[in-house]
Amino acid sequence: MYKVGLGDCFLLSLFNESEKAHHILIDFGVLLGTEDARVKMKKVLENIAGVTNNRIDTLVVTHEHWDHLSGFYEAKDIFDDLKIGELWLAWTENPENDLAQKLRKEREDKKKSLAIALNKIKAIQPEQYFTTDKERAAHVAYFEAMNDVFSFNGELAADGRFTTAEIFDYVKQKAGQNIQYCKPSNDPFTIKDLEGIRVFVLGPPEDEKLIKKDLSKKEVYQKMHISEAGTGFFSATEISSTGQQDNHQPFLNVKQEKYLKNDGSNTKNELLRRYLDTEPWRKIDNDWLNFAGQLALALDSDTNNTSLVLAFELIDSGKFLLFPGDAQVGNWLSWHNYEWKVKDRGNELETINIKHILERTVFYKVGHHGSHNATLKENGLEMMTDDKLSAMIPVDRKKAQEKEWDMPYPPLYTALKAKTRGRILMGDESFNENKKPSSLPVWQWETFKKQVSQDEEGLFVDLEIKC
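Residues numbered from 1 in each chain as written. Predicted model: local features only at pLDDT ≥ 70, side-chain atom pairs only at ≥ 80, totals over all residues. Heavy atoms only, no water.

A. Structural view of the side chain of Glu 74. On the secondary structure map, Glu 74 appears in helix H3 (residues 71-74). With relative accessibility at 11%, the residue Glu 74 sits in the buried group. In terms of polar contacts, Glu 74 uses its side chain to reach the side chain of Arg 38, at 3.0 Å. Non-local contacts of Glu 74, meaning those with residues more than four positions away in its chain, are made with Ala 37, Arg 38, Met 41, Lys 42 and Trp 66. (Helix = DSSP H or I, 4+ residues; strand = E, 2+ residues; numbered from the N terminus. Buried < 20%, exposed > 50% of the residue type's maximum accessible area, 1.4 Å probe, protein only. Polar contact = N/O pair within 3.5 Å; in protein donor to acceptor, adjacent residues only side chain to side chain. Contact = heavy atoms within 4.5 Å.)

B. Summary view of unusual backbone geometry. Between Gly 203 and the following residue, Pro 204, the backbone shows a cis peptide bond with an omega angle of 15°. With respect to the element layout, Pro 204 can be found in the loop between strand S7 (194-203) and helix H9 (208-211). Here the amide bond leading from Met 407 into Pro 408 is cis, since omega sits at -5°, within 30 degrees of zero. By the element assignment, Pro 408 lies in the loop between helix H15 (397-402) and helix H16 (410-420). Unusually for a residue other than glycine, Asn 54 sits at a positive phi of about 65°. Mapping Asn 54 onto the fold places it in the loop between helix H1 (37-52) and strand S3 (55-60).

C. How the structure looks around the confidence of the model for the protein. In the predicted model, the protein carries a mean pLDDT of 84, and the fraction of residues at 70 or more is 81%. Overall, residues 156-162 carries pLDDT values under 50, and its contacts beyond four positions in sequence, including any with other chains, amount to 17 contacts. Under a pLDDT of 50 for its full length, residues 239-256 has, in the predicted model, 19 contacts with residues more than four places off or in other chains. (pLDDT = per-residue confidence, 0-100.)

D. Region of the structure containing the pattern of salt bridges. Scanning the entire structure with this criterion turns up 23 salt bridges. Among the salt bridges present, the one from Arg 38 reaches Glu 74, with a minimum N-O distance of 3.0 Å. One end of the pair, Arg 38, is in helix H1; the other, Glu 74, is in helix H3, with 36 residues separating them in the sequence. Here Arg 38 falls in the partly exposed class, since its relative accessible area comes to 40%. (Salt bridge = Lys/Arg side-chain N within 4 Å of Asp/Glu carboxyl O.)

E. A look at empty space enclosed by the protein. Inspection of the entire model under this criterion finds two cavities of 30 Å³ or more. Considered as a void within the structure, the largest cavity measures approximately 110 Å³ in volume. Leu 103, Glu 106, Arg 107, Lys 212 and Asp 302 are, among the 10 residues lining the largest cavity, the residues nearest its centre. Secondary structure elements with two or more residues in the lining of the largest cavity: helix H5 (98-123) and helix H12 (292-304). Top element by residues in the lining of the largest cavity is H5. It accounts for four residues. Classifying every residue of the lining of the largest cavity gives three nonpolar, two polar and five charged. (1 Å grid on protein atoms, 1.4 Å probe; cavity = no way out; pocket = protein on both sides within 12 Å on 5 of 7 lines; lining within 4 Å. Points joined across faces, edges and corners; volume = space filled by probe spheres on them. Nonpolar A, V, L, I, M, F, W, Y, C, P; charged D, E, K, R; others polar.)

F. Representation of the nonpolar core in the model. With 39 residues, the main nonpolar core has Phe 200, Leu 202, Leu 322 and Ile 357 as its most contacted residues. Look past the residues within four positions of Ile 357 in its chain and what remains in contact with it is Phe 200, Leu 202, Ala 311, Phe 320, Trp 340 and Ile 352. Of all hydrophobic cores here, the second largest spans 33 residues; its members include Leu 12, Phe 323, Leu 425 and Leu 440. (Core = buried A, V, L, I, M, F, W, Y, C linked by side-chain atoms within 4.5 Å.)

G. Spotlight on the side chain of Asp 57. Assignment of secondary structure puts Asp 57 in strand S3. For Asp 57, a relative accessible area of 14% gives the class buried. Within the local environment of Asp 57, its side chain forms a polar contact with the backbone nitrogen of His 23, the two atoms lying 2.8 Å apart. A distance of 3.1 Å separates polar atoms of two side chains, one belonging to Asp 57 and the other to Arg 55. Setting aside residues no more than four positions away along its own chain, Asp 57 makes contact with Ala 21, His 22, His 23, Gly 85 and Glu 86.

H. Molecular detail of the packing of H5 against helix H7 (residues 133-150). It is at 10 Å that the axes of H5 and H7 come closest, and there the two elements cross at 150°. Regarding the angle of H5 to H7, the classification is roughly antiparallel. Crossing handedness for the pair H5 and H7: left-handed. Side by side, H5 and H7 meet where Lys 111, Leu 114, Ala 115, Leu 118, Ile 121 and Lys 122 of the first sit next to His 139, Tyr 142, Phe 143, Met 146, Asn 147 and Phe 150 of the second. (Axes fitted to C-alpha atoms, helices over the stretch in contact; angles between N-to-C directions. Parallel < 35°, antiparallel > 145°, perpendicular 65-115°, else oblique. Left-handed = near helix turned anticlockwise from the far one by under 90°.)

I. Highlighting the packing of aromatic side chains. Evaluation of the coordinates by the stated rule reveals 17 aromatic pairs. Among the aromatic side chains, those forming a connected cluster through ring pairs are Phe 10, Phe 312, Phe 323 and Phe 363. Directly above the ring of Tyr 73 sits Arg 38, whose terminal nitrogen or CZ lies 5.4 Å from the centroid. Its guanidinium or amino end placed over the ring of Phe 79, Lys 174 lies 5.4 Å from that ring's centre, counting from NZ or CZ. (Phe/Tyr/Trp six-rings, centres within 6.5 Å; stacked < 30°, edge-to-face > 60°. Lys NZ or Arg CZ within 6 Å of the ring centre and 35° of its normal.)

And the structure:
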C-alpha cells in the first residue's frame, strides 16, 4: 500500500516457484486538493517503475473517481514510459455493452447538471439572499460540502471539464487492444504464466437497481436518510444551460410567455411585476438548487457501486485477498447472487460462493478509506472469520478531519480491529512493531511482524502473504 493520502494505490506482486513476479497495480490516485499531489504521485510511480522494472503486467482501474486514477495524470510523463501488459476494467466501462453506455450517459448528464448548479450556488451573494449570519454561514458550508463531494469527479469539475473521463480514456488508449472487461457472471480465471492464483470477479452487479442501491438500514455502520432524485432538478439545469423550455415546465400553454420571467419593465402581469421587484431574499428562484447536494451524493455513490471487485485465491491454501474498490451496498449485496464451479488443489470440482470467499479471506483492502457505507456488516465483515485476517486502510485522518469526514468511521474501525485482532495497517502512520494489540497472542503478533516491512521514507508499507 502506497501512502498517498486519501487515495488508493496498491501494488500486488505475485510470485511463482521460480520467484518471477507478476505485478498488478490496482488504482493510482489521491484526493483532489492534496498538498504536493503531483510531487507525491511522481515519487510513487518512480518507485513502482523501479520495483516492476518498468513493466506493469496487469493494471486495474476499479472506477472513475479522482482519488483512484489521478496519478495517471499527475505523473503522466513517467506513466508514458511504462509498459502495460493488460488493463482490467469493470464491464460498466465496455463501449459495446448497452447498459454500460446507458449508465455512462446518465452519469455524464448528471455531472453536467450538477456542474451548472454548483456554479449557480457559487454565484449567489449570501448578503442579498439571506437575512441572518446563521443562514449565510449555512449557505457557504453547503457550497463547500457539495464542492468536496463533486471533487471526486476531478479538477475543475464545476466548470464542466471532467478530467476523470479524460484520464480513463488516456489509460485505455495506452492499453490498446489489451483490455479485459470483467463481469461477475464470467468464470474465475487464472493469470497467464502464474500457477496457483485464481481470480474471482465479484462486482459490479449486472443489475441497474443494485448499482443504484447505496443505502441499507441493516447493513451499513450508520443509518442514513433516504432520498430520491427528481426530474425537475435536471429540467431546471437543462433550461439554465440551453435556454430551451421542455415538458416539465409549468404553464405550458399558449399564454406561457405571460408567466415567464422577464425584466419586468413592460409586463402587464401585476403579480409577476411585484415578484420581480421584491427583495432578493423573498424570491424562490434558487430554491431548486437545495436538491443539488443530495444528487451529488447519489452520483458519488452510484459511481462507487460500479467498482470492479476482485478476490484473488491462493489455490493451494484456499486463502483469499479481497480488493473491493469503493463498492457500496448494492455491489456488496450482489455478490451473494453468484456461485462458481472450480477445481480445488486436489483437482476435485467444488462450488464456491461468497460465503466461502469471505470465510477464507485473510486480507481485506478496506473500501472507501473506511467510510460508513463501503463495508457491509452481516453480509460482509461479519462473515470474515479467518483467524489470520489482516487489513489495510488507505486513509489520511488529518485530511479527512479537515473535510469533516469520519474516515475511518469509528464503529466500523472498532469492528475491523475486533475481526483482525489489531492487524490493521494504516495509510497515515508507520507500523509500530512494539505496539502489540492486547487481543492478539504473542506468537501471532510475532508472525505478523515478520510479514510487514516498510521503507524508511514512509512511502509504502508491505505485507507478505505466503500460500
